[in-house]
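# Examination of the molecular architecture
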Amino acid sequence: MPASTFVLSASLALLSGAAPAAKPAAAPSKPAATVKASAPAYPQAVAEKLIGPALTEGHAYARLAELTDGIGPRLSGSEGAEAAVQWALRSFKADGVKAWTEPVKVPRWVRGEERGEVLASARTRGHPLSLLALGDSPPTPPEGLTAEVVEVTSVEQLAALGDSVKGKIVFFNHTMTVAADYGRFAGLRGRGPAAAAKAGAVGALVRSLATASLRTPHTGSTRFEDGAPKIPAASIATEDADLLHRMLAGGPVRVKVVLGSSSLPDADSSNVIAEIRGREKPQEIVLIGAHLDSWDVGTGAHDDGAGVVMVMEAARLLAKLPQAPRRTVRVVLFMNEENGLRGARAYAEAHAAELPRHVAAMEMDAGGGRPVAVSLRAGAGGQDLVRPWLPPLVALGAANFSAREAGGADLSPMGPARVPFFGVEVDSSRYFDVHHTHADTLDKVDPQDLARSTAAVAWVTYALAEMPGTLVRPEPPAQPGPPAAAPQPKVSGH
Ligand code: ZN
Ligand code: ZN
């Protein structure tokens, strides 16, 4: 075990219960003098300068409070999203990091009145439904939509029903229980309502993609093709999905849904970009990103406020180093990940000529949990290149390679340019308890977990920007195109 590991373990143990003002520099001194074996491949002093403050200063969490409690929800095109853009610019400036905006046209979908109920019948006196319209859902008529419910568990099962769903509300049920199920069932929300509309259904209800519920519905985007039929679509709390399932076992069930959502003309918005210019190879770029927009319910603390403050804090700490890393570190706060991916596409288009010089890209978008591993999507030899730089992550619990490939929705438009992806995988086991709900608020983020992931992000960013070699570019993705159509090998937040 390298001496630095002891230093960082000691720092972590000493400082985990310490006041935010504690100074990591006061911990053990000059570890290099006691190294018996060969010196590590990385500069230990830099590791301490990045990881120590990330663990002890509480800066990322304070920023997350500004973003969530101060600004609040940040759906694309909203005043909150624009306030977040200005906040990010101000914050980078305060940190001494050069930053600017780049234009993105974003869809503007606005939630309205929304309610639903299981109608009374001979078998029940009726029940209210706890629901949230899905992003891009059209409204119902003002008086609401009333129809019989048909339950399916897959788009294939829907197709097999043929004409029998005409005039009905299709209810997409599933069996998500753990975070790893998200990728398997997210397609029901993303593609199910469009498929139901094509089959002649008049509405869609989707069981929330959730790992816990106190009758909390989880929203998210659904996609209708241009020119194809659109129907009102909402997510319902898992308890209400179970209720519908039980009642449907006993006979027909009728539901009434009222959704007042509207789609306004596209709005002008921005990606926020910040940069620390490399000292030797400024033309080579290590991109670290997160998405600045959030859903309109909750305050986007885990999704993706946590990712935003992690990468901003990494930049702040890197900018304070006595010398910049070899390569340029570029922070990209993407706009419109949640309901359009327009910011990611705008970045990949505007920087197409530079993508061959993007030597690594990482997106943090799986919540503010503790770090558990690092991940890669690169050509041969990637792990061997990175491994000598991992010891500083031992004390953080993340000095191992994940079996999952690195990725991220906002990175996907860079896939065809074969940009190598890197990741700090965080513990997402509780992420989908609150993901896309009213409950995604600051109190759900553990300050120490956030600090540890921030430390890991700061260190790996430095490592990628400083290590002598660069990752080999991966093979192009098997299915280039919209990320929704691609398989999702990892728990990706969205
Ligand atoms: Zn999301
Ligand atoms: Zn997200």
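Residues numbered from 1 in each chain as written. Chains lettered and ligands numbered in written order. Predicted model: local features only at pLDDT ≥ 70, side-chain atom pairs only at ≥ 80, totals over all residues. Heavy atoms only, no water.

The secondary structure content of the protein amounts to 12 helices and 16 strands. Taken across its 494 residues, the protein has 57% of its residues classed as buried. Intrachain contacts of the protein at a sequence separation of at least 6 include 84% that bridge at least 24 residues. For the protein, the computed accessible surface area is about 19300 Å², with 55% contributed by carbon and sulfur atoms. (Helix = DSSP H or I, 4+ residues; strand = E, 2+ residues; numbered from the N terminus. Buried < 20%, exposed > 50% of the residue type's maximum accessible area, 1.4 Å probe, protein only. Contact = heavy atoms within 4.5 Å. Areas by Shrake-Rupley, 256 points an atom, 1.4 Å probe, with all protein chains shown as cover.)

In this fold, Glu313 is placed in helix 8 (residues 301-319). Non-local contacts of Glu313, meaning those with residues more than four positions away in its chain, are made with His59, Ala60 and Thr454.

Right, let's talk about the pattern of salt bridges for a bit. What the rule picks out here adds up to 27 salt bridges. Measuring nitrogen to oxygen at the nearest pair gives 2.9 Å for the salt bridge that ties Arg207 to Asp242. Taken together, the residues span a long stretch of sequence, with Arg207 in strand 7 (residues 203-207) and Asp242 in helix 7 (residues 238-248) at a distance of 35 residues. (Salt bridge = Lys/Arg side-chain N within 4 Å of Asp/Glu carboxyl O.)

Right, let's get into the nonpolar core. General note: in soluble globular proteins, nonpolar side chains tend to be found buried as a group. Among the nonpolar cores identified, the biggest contains 76 residues, and Leu50, Phe92, Leu292, Leu333, Leu393 and Trp459 are the most heavily contacted of them. Not counting the four nearest positions on each side in its chain, Trp459 is found in contact with Tyr42, Pro43, Val46, Ala47, Leu50, Ile51, Trp389, Pro392 and Leu393. Leu134, Val165, Ala196 and Ile231 belong to the second largest nonpolar core, which has 26 residues in total. (Core = buried A, V, L, I, M, F, W, Y, C linked by side-chain atoms within 4.5 Å.)

A separate point is helix 8. End to end, helix 8 covers 25 Å across 19 residues, agreeing with the expected 27 Å (1.5 Å per residue, within 8%). Among the 19 residues in helix 8, 18 count as buried, and that is most of the element. (Expected span 1.5 Å × (residues − 1).)

Here the focus is the confidence of the model for the protein. When pLDDT is averaged along the protein, the result is 92, and 89% of the positions lie at 70 or above. Counting interchain partners and residues more than four positions distant, the pLDDT-below-50 stretch residues 1-35 has 41 contacts. Throughout residues 483-492 the model reports pLDDT below 50, and contacts reaching past four residues in sequence, or to other chains, amount to 23 contacts. (pLDDT = per-residue confidence, 0-100.)

The strand order across the open sheet built from eight strands is 3-2-9-5-6-7-8-4, with neighbouring strands paired in mixed fashion. Edge positions in the sheet fall to strand 3 (127-129) and strand 4 (131-133), since each of these pairs with one other strand and no more. Each strand axis lies, on average, 30 degrees off the axis of its neighbour in the sheet, ignoring direction. Here four bridges tie strand 5 (residues 145-152) to strand 9 (residues 254-259), and the two strands are oriented antiparallel to one another. Looking at the pairing, Leu145 lines up with Val257 of strand 9. This element, helix 6 (residues 182-198), spans strand 6 (169-172), strand 7 and strand 8 (233-236) of the sheet and lies at about 160 degrees to strand 6. (Pairing = 2+ DSSP bridges. Axes fitted to C-alpha atoms, helices over the stretch in contact; angles between N-to-C directions.)

It is worth spelling out the packing of helix 3 (residues 59-71) against helix 4 (residues 79-94) at this point. Relative to each other, helix 3 and helix 4 sit at 155 degrees, their axes nearing to 11 Å. By the angle between their directions, the pair helix 3 and helix 4 is classed as roughly antiparallel. For the crossing formed where helix 3 meets helix 4, the hand is right-handed. Listed contacts from helix 4 to Arg63, Glu66, Leu67 and Ile71 of helix 3 are Gly80, Ala83, Ala84, Trp87 and Ser91. Among the residues making up the contact of helix 3 with helix 4, the classes are represented as five nonpolar, two polar and two charged. (Parallel < 35°, antiparallel > 145°, perpendicular 65-115°, else oblique. Left-handed = near helix turned anticlockwise from the far one by under 90°. Nonpolar A, V, L, I, M, F, W, Y, C, P; charged D, E, K, R; others polar.)

Turning to the pairing of strand 10 (residues 262-276), a few remarks are in order. Pairing of strand 1 (residues 98-110) with strand 10, which is carried by 12 bridges, proceeds in the antiparallel orientation. What sits directly across from Val104, in strand 10, is Ser269. Examined bridge by bridge, strand 10 and strand 12 (residues 327-334) share five bridges and lie antiparallel to one another. Bridge pairing links Glu275 to Arg330 in strand 12.

Next up on the list: the packing of helix 8 against helix 12 (residues 447-466). The geometry of helix 8 relative to helix 12 is characterised by a closest axis approach of 9 Å and an angle of 50 degrees between their N-to-C directions. The angle between helix 8 and helix 12 places the two elements in the oblique class. Our pair here, helix 8 against helix 12, has a crossing hand that is right-handed. Seen from helix 8, the contacting residues are Ala306, Val309, Met310, Val311, Glu313, Ala314, Leu317 and Leu318; seen from helix 12, they are Leu450, Ser453, Thr454, Val457, Ala458, Thr461 and Tyr462.

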